[in-house]
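Coordinate analysis (summary)
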Amino acid sequence: MRTIAEFEAAARERLDPAHYDYFAGGAQDEITLRDNEEAYKRLRLVPRVLRGSDKRDLSVDLLGTPSSMPILVAPTAFHRLAHPDGELVTARAAARAGTIMIVSMASTTAIEDIAAAAREVAPDPGLWFQLYLQPDLEFTEAIVRRAENAGIKAFVVTVDSPVLGRRERDDRNAFHDLPSGLFVENLRNIGENRSGGNTSHSIHAPATTLNGGASRRSHVREIVMSAGLNWDHIAWLRSKTKLPVLIKGLLHAEDARLAVHHGVAGIVVSNHGGRQLDTVPATIDVLPEIAAAVGGALPVLLDGGIRRGTDVVKALALGADAVGVGRPVVWGLAAGGREGVSEVLEMLRADFDQALALCGGRHPADLTPDQVRR
Ligand SMILES: Cc1cc2nc3c(=O)[nH]c(=O)nc-3n(C[C@H](O)[C@H](O)[C@H](O)COP(=O)(O)O)c2cc1C
Ligand SMILES: CC(C)CC(=O)C(=O)O
């Protein structure tokens with residue numbers, strides 16, 4: 001396979017149509033979902049020449065976590081819907097690629113098992129952990145401790161989901177529950193026997209379904225999207241961990257300034273792959289103003305719509321330190337398991353390396369805003 005689109009086609013053939021729709025879909029009219037990719041097609045690259053772009057080095061260091069390339073695995077939920085071994089496979093492939101995997105809190109494999117799988121491949125894998133801060137802060141703190149003990153190196157708090165976006169494909173398919181046997185393993189009650197529990201987890205956990213509401217029989221909690229979150233919760237998390245705390249899902253330059261003010265370690269410019277508020281801008285279109293607001297004070301990551309090496313080049317040139325890929329990894333996983341994820345990551349690496357060379361760069365940091373035109 002030569003492109004991410006070919007991986008998506010192969011994944012679609014293998015997946016249950018409702019699960020394909022869950023992975024592929026976005027909110028409402030999917031305007032932002034499409035625009036994330038379309039926005040890159042509106043931008044043109046202006047290469048520099050005669051700069052000796054041999055001996056390229058794609059590696060970056062992000063808040064103390066080294067990555068072999070500025071292309072990370074964005075957090076996506078429910079990998080066992082795509083492959084029986086789910087996140088174990090994704091983690092091994094990311095570790096083999098030497099890149100950072102941001103593990104979703106809504107993984108269908110426990111963080112301890114994901115970390116162990118990554119360690120089979122690399123002694124010190126770059127695993128970060130995405131958090132939906134739960135209103136039950138004691139419970140949230142317990143998850144934080146679990147992830148720390150598993151050896152993760154940073155927390156990424158998702159802040160674009162005060163309520164869940166309306167995904168009409170899921171409504172049409174009545175896809176609101178994980179199939180029996182699959183659980184959001186990180187939400188099992190701490191100390192609970194992992195083999196216990198037999199009730200499906202509800203995906204569309206409404207904010208009214210509160211802690212422990214999944215079922216009286218099961219001890220797997222529902223994920224709660226809490227609209228009450230504010231900057232104090234970020235301060236709270238920072239007081240509970242020594243690890244870097246990033247926030248994911250901001251699009252407004254003023255929020256980027258506030259992130260700097262509140263001492264977060266880094267930000268991820270993201271619209272959740274067009275799955276939350278529809279009609280928000282493509283992430284690449286707001287990146288320049290956010291990069292300007294941050295002014296280099298902290299690392300800026302971006303995700304949404306990255307499918308080609310040229311997309312990576314454009315994002316780095318416009319101010320991102322690294323990018324995340326969500327669906328491409330899921331397509332690799334569904335189409336070909338560990339080999340599939342590895343192929344997707346290596347395809348993106350090679351594509352980026354070539355585009356970097358053609359732009360006259362040797363290192364991700366060589367790319368500059370004047371190399372991108374609208
Ligand atoms: C199927 C799916 C599940 C996702 N689950 C999560 C999640 O659990 N936590 C989160 O912060 N973001 C989640 N995201 C958003 C991704 O982290 C990321 O922002 C988005 O997928 C990037 O866009 P891309 O898929 O075009 O690369 C999910 C995205 C998809 C497609
Ligand atoms: C558990 C879900 C809310 C995961 C998610 O963020 C998504 O599906 O976009």
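Below, the structure is looked at part by part. (Residues numbered from 1 in each chain as written. Chains lettered and ligands numbered in written order. Predicted model: local features only at pLDDT ≥ 70, side-chain atom pairs only at ≥ 80, totals over all residues. Heavy atoms only, no water.)

**Some thoughts on the overall build of the protein chain**
Helices and strands together make up the secondary structure of the protein chain, namely 12 helices and 12 strands. For 374 residues, the compact-globule estimate of 2.2 N^0.38 gives 21 Å, and the C-alpha radius of gyration of the protein chain, at 19 Å, lies within 12% of that figure. Taking the intrachain contacts of the protein chain between residues at least 6 apart in sequence as the baseline, contacts between residues at least 24 apart amount to 75%. Just so you have it, the protein chain exposes about 15100 Å², and 49% of that area is on carbon and sulfur atoms. For the protein chain, the distance from the average position of its 42 positive side-chain charges to the average position of its 47 negative side-chain charges is 2 Å. (Helix = DSSP H or I, 4+ residues; strand = E, 2+ residues; numbered from the N terminus. Rg over C-alpha atoms; globule rule 2.2 N^0.38 Å. Contact = heavy atoms within 4.5 Å. Areas by Shrake-Rupley, 256 points an atom, 1.4 Å probe, with all protein chains shown as cover. Lys, Arg positive; Asp, Glu negative; His and termini not counted. Charge placed at Lys NZ, Arg CZ, Asp CG, Glu CD.)

**Some points on the site of ligand 2**
Residues in close proximity to ligand 2 include Tyr22, Ala77, Phe78, Ala106, Tyr132, Leu164, Arg167, Met225, His272 and Arg275, which together make up its full environment. Starting from 280 Å² of accessible surface for ligand 2 in isolation, the protein chains cover 94%. Here ligand 2 occupies the largest cavity. Residues belonging to the shell around ligand 2 are distributed by class as follows: seven nonpolar, one polar and two charged. (Near = heavy atom within 4 Å. 1 Å grid on protein atoms, 1.4 Å probe; cavity = no way out; pocket = protein on both sides within 12 Å on 5 of 7 lines; lining within 4 Å. Sits in = over half its atoms within 2 Å of the grid points. Nonpolar A, V, L, I, M, F, W, Y, C, P; charged D, E, K, R; others polar.)

**Structural notes on the site of ligand 1**
The immediate surroundings of ligand 1 are formed by 22 residues, with Pro75, Ser104, Thr158, Arg307 and Gly326 found nearest. A distance of 3.1 Å separates a nitrogen atom of ligand 1 from a polar atom in the backbone of Ala77. Ser270 has a polar side-chain atom sitting 3.2 Å from an oxygen atom of ligand 1. For ligand 1, whose unbound accessible area comes to 600 Å², protein coverage reaches 98%. Of all the cavities here, the one that holds ligand 1 is the largest cavity. Residues belonging to the shell around ligand 1 are distributed by class as follows: seven nonpolar, 10 polar and five charged. (Polar contact = N/O pair within 3.5 Å; in protein donor to acceptor, adjacent residues only side chain to side chain.)

**Concerning the packing of helix H6 (residues 137-150) against helix H8 (residues 231-240)**
Packing of H6 against H8 leaves a shortest axis separation of 11 Å and a crossing angle of 45°. The angle between H6 and H8 places the two elements in the oblique class. In this structure, the crossing between H6 and H8 has a hand that is right-handed. Along the contact surface, H6 presents Leu137, Thr140, Glu141, Val144, Arg145 and Glu148, while H8 presents His233, Trp236, Leu237 and Lys240. Among the residues making up the contact of H6 with H8, the classes are represented as four nonpolar, two polar and four charged. (Axes fitted to C-alpha atoms, helices over the stretch in contact; angles between N-to-C directions. Parallel < 35°, antiparallel > 145°, perpendicular 65-115°, else oblique. Left-handed = near helix turned anticlockwise from the far one by under 90°.)

**Some points on unusual backbone geometry**
Backbone geometry at Leu50 places phi at a positive 55°, although glycine is not the residue there. Within the element layout of this structure, Leu50 appears in the loop between strand E1 (44-45) and strand E2 (60-62). In this structure, Lys55 takes a positive phi of about 45° despite not being glycine. Looking at the element boundaries, Lys55 is found in the loop between E1 and E2.

**Focus on the pairing of strand E10 (residues 300-303)**
Every second residue of E10 is oriented toward a common face, with Val300 and Leu302 on one face and Leu301 and Asp303 on the other, all of them buried. Across three bridges, strand E9 (residues 266-269) lies against E10 in parallel orientation. Counted as the bridge partner of Val268 is Leu301 from E10. For the crossover from E9 across helix H10 (residues 283-294) to E10, the handedness is right-handed. Here E10 pairs with strand E11 (residues 322-325) via three bridges, running parallel. Across the sheet, the residue bridging to Leu301 is Ala322, located in E11. (Buried < 20%, exposed > 50% of the residue type's maximum accessible area, 1.4 Å probe, protein only. Pairing = 2+ DSSP bridges. Right-handed = clockwise from strand over helix to strand, strands pointing away.)

**So, helix H9 (residues 253-261)**
Here H9 has its buried residues at Ala253, Ala256 and Ala259. Considered in projection along H9, the buried side chains sweep an arc of 110° and stay on one side of the axis. Of the surrounding elements, those touching the buried residues of H9 are H8, strand E8 (245-250), E9 and H10. At the exit of H9 stands Gly263, carrying a positive phi of roughly 75°. (Arc of directions from axis to C-beta.)

**Brief notes about the pattern of salt bridges**
Taken as a whole and judged by the stated rule, the model has 21 salt bridges. The residue Arg92 makes a salt bridge to Glu120 at a minimum N-O spacing of 2.8 Å. Of this pair, Arg92 sits in helix H4 (residues 86-97) while Glu120 sits in helix H5 (residues 111-121), and the two are 28 residues apart along the sequence. Residue Lys240 pairs with Glu141 through a salt bridge whose shortest N-O separation is 3.7 Å. Note that Lys240 is positioned in helix H8 and Glu141 in helix H6, a separation of 99 residues in sequence. Taking the relative accessible area as the measure of exposure, Glu141 reaches 24% and is therefore partly exposed. Bridged by salt links that share partners, the residues Asp35, Arg42, Asp285 and Arg374 form one connected network. (Salt bridge = Lys/Arg side-chain N within 4 Å of Asp/Glu carboxyl O.)

Note that every value here comes from positions in space, so none of it alone points to a role or purpose.
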